[in-house]
Amino acid sequence: MAACVSRVELSVSCRSLLDKDLRSRSDPLCVLLQDAGGGRWAELDRTERIKNCQDPEFCKKLVVDYYFEKVQKLKFGVYDIDNKTFDLNDDDYLGGIECTLGQVVSSSVFTRPLELKQGKPAGKGTITISAEEIKDTRVIYLEIEARNLDKKDFLGKSDPFLEFYKQGDAGTWQLVYRSEVIKNNLNPCWRKFSVPLQTFCGGDFNKPIKVQCSDHDSDGSHDLIGAVQTTLVQMQTATPGSPVEFECIHPEKKQKKKSYKNSGIIRVKSCKIETEYSFLDYVMGGCQINFTVGVDFTASNGDPKSPDSLHHISPDGINEYLIAIWSVGSVVQDYDTDKLFPAFGFGAQVPPSWQVSHEFALNFNPSNPYCPGIQGIVDAYRQILPQIRLYGPTNFSPIINHVARFAAQSMQQGTAAHYYILLIITDGEITDLDQTRQAIVDASKLPMSIIIVGVGEADFKAMEFLDGDNGVLKSVTGEPAARDIVQFVPFGQFKNAPREALSQVVLAEVPKQLVSYYKWKGWPPLKPPEIKAM
């Protein structure tokens, strides 16, 4: 397990982006990718999309784990987003850059011209990135409302939104949070929001904070209503029932009119600071990651004796199933102290009765399905292949429910002691889609994640549907998943890539899923880290 030196937060802004929209300006978003080897790039993070803007200052920070001992090649891509799909292939590319994280962290401000491809500039577009180490795990939660704001729109009231800025060392203001827009309302109450304390004020409670209230215009020419300058110390005096009030001042109006009082009142209803734990806090605090494998032995894989079969073991002793087990298992095994992994098959006729089974132990020992290490899973798989008959149908729900029973027992303890990862390797033709949807929705309330690796050339639309990237997965009855716990990866994309490329992409979501579960439950690590004074 590589020691993660620290986490780094990247602030991104662009100037003079290309204009790809006919009647308005581009709607940019910046995506951050990391080199996963073999010519593949894995997405790490993306900013929000800003409408009608050629000089965006993105509010959402891009977070990267910084490893001193690795050359971390990064790619920043800026896209004009004109639809709701997560996939960026159908959006216009406004340019990008490739660099290393070392280059960014070693320059205080890193500015480069954007390129459409190597050597071809994207007009006059530039990108500026600045890095800050995240040393503080505390998070600030704020609830803000306003009263009697100035009316800015000719035909209606204002459409107010807030922007928070912290003052940098050189006196410049850096955007740290932008709220949602509340339409046609002079007394808005914005959603409760949270910002890492490091982002908000660098951990300095006396650092000047500027709150700007503006009237949103869809063409991007927002009008300032007024601004407030304060500090976290002042905001923290808010208590339930007695908010802290600040006059919202428009500097030009104040200069022109002697009788000018203010352009409204900004009220901080609540301001709380809480500790947020990382994946490493949980793992180092004693959380065990329990790894289970489910292997698809349905007839659609082809007869293992035939070289065309996905289960055919090549002369050098491998196939796609084995590579997937090795690449994912070799990373996960570092986080499990006993190194005993339950492994199951589904969709085959099993001796002695030759009944079809949807969860049989690969070692044929149902009372003790544990295999010693990843090598133990590989050995059990090789031994069982000639002894079973590939059959059908392809049912995922029994094995998901099997792991969920263990996760539910662990949840009863009420501590961050055990997290479960189920790896399902399949050729993709799923039969019990409705039952699987229900099983995933149920499992989303438990300490578990599901990784599906699709092997072969089948149509994986059902798998992509189960991976909730394009919206929240719902059961047949309409119950939404409590959180996104499924990560689907088609093996075909990694055929020629190095082994570690598959595991990096497959396991990329797991740390976020683990942290989101324990945060949702409000459970700290078994041994919480000591917070060092700033």
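None of the values given here were measured: they were computed from a predicted structure. All residue numbers refer to position in the chain's written sequence, counted from 1. Only residues with pLDDT of at least 70 are given local features in this predicted model, and only at 80 or more are side-chain atom pairs given and counted; all residues enter the totals for whole chains, interfaces and linings. Think of the side-chain values as coming from all heavy atoms in the structure, minus any hydrogens and water.

Student: Provide a residue-level description of unusual backbone geometry, including the pertinent values.
Tutor: The amide bond that connects Pro351 to the next residue, Pro352, takes the cis arrangement and shows omega of 0°. Put simply, DSSP marks the helices as runs of H or I at least four residues long and the strands as runs of E at least two long, and each gets a number from the N terminus on. For Pro352, the location among the structural elements is in the loop between β19 (348–350) and β20 (355–357). Phi is positive for Asn184, close to 50°, though the residue is something other than glycine. Assignment of secondary structure puts Asn184 in the loop between β11 (173–178) and β12 (193–196). Remark: exposure states derive from per-residue accessible area (1.4 Å probe, protein chains only) relative to the maximum for the residue type, with buried under 20%, exposed over 50%, and partly exposed in between. Note on Asn184: relative accessible area 46%, which makes it partly exposed. Phi is positive for Trp354, close to 60°, though the residue is something other than glycine. Mapped onto the elements of the fold, Trp354 is located in the loop between β19 and β20.

Student: Please give an account of the packing of helix α8 (residues 397–412) against helix α9 (residues 433–443) that cites residues and values.
Tutor: Structural elements are reduced to axes, namely lines fitted to C-alpha atoms, with helices fitted over the stretch in contact, and the angle between N-to-C directions of any two is expressed from 0 to 180 degrees. At a closest axis distance of 9 Å, the pairing of α8 and α9 adopts a crossing angle of 15°. As the angle between them shows, α8 and α9 are arranged roughly parallel. Here α8 runs over α9; the crossing is left-handed. Contacts from Ser397, Ile400 and Asn401 in α8 reach Gln435, Thr436, Ala439, Ile440 and Ala443 in α9. Every angle not falling under 35 degrees, over 145, or within 65 to 115 is termed oblique; those three ranges are roughly parallel, roughly antiparallel and roughly perpendicular. Two helices that cross are described as forming a left-handed crossing if the nearer one is turned anticlockwise from the farther one by less than a right angle, and a right-handed crossing if clockwise. The contact definition used throughout considers only heavy atoms, calling two residues in contact when any of these lie within 4.5 Å.

Student: Could you give an account of the sheet that holds strand β16 (residues 265–275), naming the residues involved and the relevant values?
Tutor: Each strand in a sheet pairs with its neighbour through backbone hydrogen bonds, running either in the same direction (parallel) or in the opposite one (antiparallel). If you walk across this open sheet you meet the 4 strands as β12-β9-β16-β15, and the pairing is antiparallel. The sheet is open, and its two edges are formed by β12 and β15 (244–247), each paired on a single side. Averaged over all adjacent pairs, the angle separating strand axes in this sheet is 35°, with direction ignored. Any two strands with at least two DSSP-identified bridges between them are counted as paired. Where strand β9 (residues 138–147) and β16 come together, 10 bridges link them in antiparallel fashion. Bridged to Glu145 within β16 is Arg267.

Student: Provide a residue-level description of a nonpolar patch on the surface, including the pertinent values.
Tutor: Patches draw on residues past 30% relative accessible area with no salt bridge. Two like charges within 9 Å are joined, as are two nonpolar side chains (Val, Leu, Ile, Met, Phe, Trp, Tyr) within 5 Å. Reported accessibility uses the Shrake-Rupley method at a 1.4 Å probe radius. Residues are deemed covered only where the shown protein chains occlude them. Within this document, salt bridges are pairs made up of a side-chain nitrogen of Lys or Arg and a carboxyl oxygen of Asp or Glu, the two lying within 4 Å of each other. Judged by side-chain polarity, Leu340, Tyr370 and Phe406 come together as a nonpolar surface patch covering roughly 260 Å² of accessible area. Structurally, the position occupied by Tyr370 is in strand β22 (residues 370–372). What makes Tyr370 partly exposed here is its relative accessible area of 37%.

Student: Account for the sheet that holds β11, with residues named and values stated.
Tutor: Pairing is antiparallel in the open sheet, where 4 strands are placed in the order β11-β10-β13-β14. Because the sheet does not close on itself, it has two edges, and the strands there are β11 and β14 (223–230). Taking the axes of each pair of neighbouring strands and ignoring which way they run, one obtains an average angle of 25° across the sheet. Bridge count between strand β10 (residues 160–167) and strand β13 (residues 209–215): 7 bridges; the pairing is antiparallel. When the sheet's bridge partners are listed, Lys166 is paired in β13 with Ile209.

Student: Residue-level account of the nonpolar core, with values.
Tutor: In this text, buried Ala, Val, Leu, Ile, Met, Phe, Trp, Tyr and Cys residues form a nonpolar core when linked through side-chain atoms within 4.5 Å. Ranked by size, the top nonpolar core spans 86 residues in total, and within it Phe291, Phe297, Leu362, Ile377, Ile400 and Met448 carry the most contacts. Not counting residues up to four positions away in its chain, the partners in contact with Met448 are Ile400, Val403, Ala404, Ala407, Tyr419, Tyr420, Ala443, Arg483 and Ile485.

Student: So, the packing of aromatic side chains: which residues are in play, and what are the values?
Tutor: Working definition: rings of Phe, Tyr and Trp (its six-membered ring) pair if their centres are within 6.5 Å, and the pair is stacked with planes under 30 degrees apart, edge-to-face with planes over 60 apart, and tilted otherwise. Evaluated as defined, the whole model comprises 17 aromatic pairs. Here Phe460 and Phe488 contribute two aromatic rings whose centre-to-centre distance is 5.4 Å and whose plane-to-plane angle is 50°, an arrangement assigned as tilted. Of the two residues, Phe460 sits in the loop between β25 (448–454) and α10 (461–466) while Phe488 sits in strand β26 (residues 486–490), which places them 28 residues apart along the sequence. Exposure class is identical for Phe460 and Phe488. Each is buried. Three or more aromatic residues link up through ring pairs in this structure, and these residues are Tyr277, Tyr282, Tyr419, Tyr517, Tyr518, Trp520 and Trp523. Charge-over-ring placement is defined geometrically: NZ (Lys) or CZ (Arg) within 6 Å of the ring centre, and within 35 degrees of the ring normal. A cation over an aromatic ring shows up here: Arg46 above the ring of Phe86, its NZ or CZ 3.7 Å from the ring centre. Here Lys521 stacks its cationic end above the ring of Trp520, 5.3 Å away from the centre of that ring.

Student: Can you tell me about the domain arrangement of the protein, naming the residues and giving the values?
Tutor: For the domains described, the bounds stem from an automatic or database domain assignment. Taken domain by domain, the protein holds domain 1 (6–134), domain 2 (138–275) and domain 3 (280–521). With centres defined by C-alpha atoms, the gap from domain 1 to domain 2 works out at 27 Å. At the interface, 14 residues of domain 1 touch 15 residues of domain 2. Each of two parts loses accessible area, computed with a 1.4 Å probe, when they are put together; buried area is these two losses added. With both sides pooled, the region where domain 1 packs onto domain 2 buries about 1000 Å², and carbon together with sulfur makes up 38% of that total. Contact with domain 2 buries surface across domain 1, with Glu57, Cys59 and Glu132 losing the most and accounting together for 43% of the total. Its salt-bridge partner being Lys166, residue Glu132 comes within 3.2 Å of it at the nearest N-O pair.

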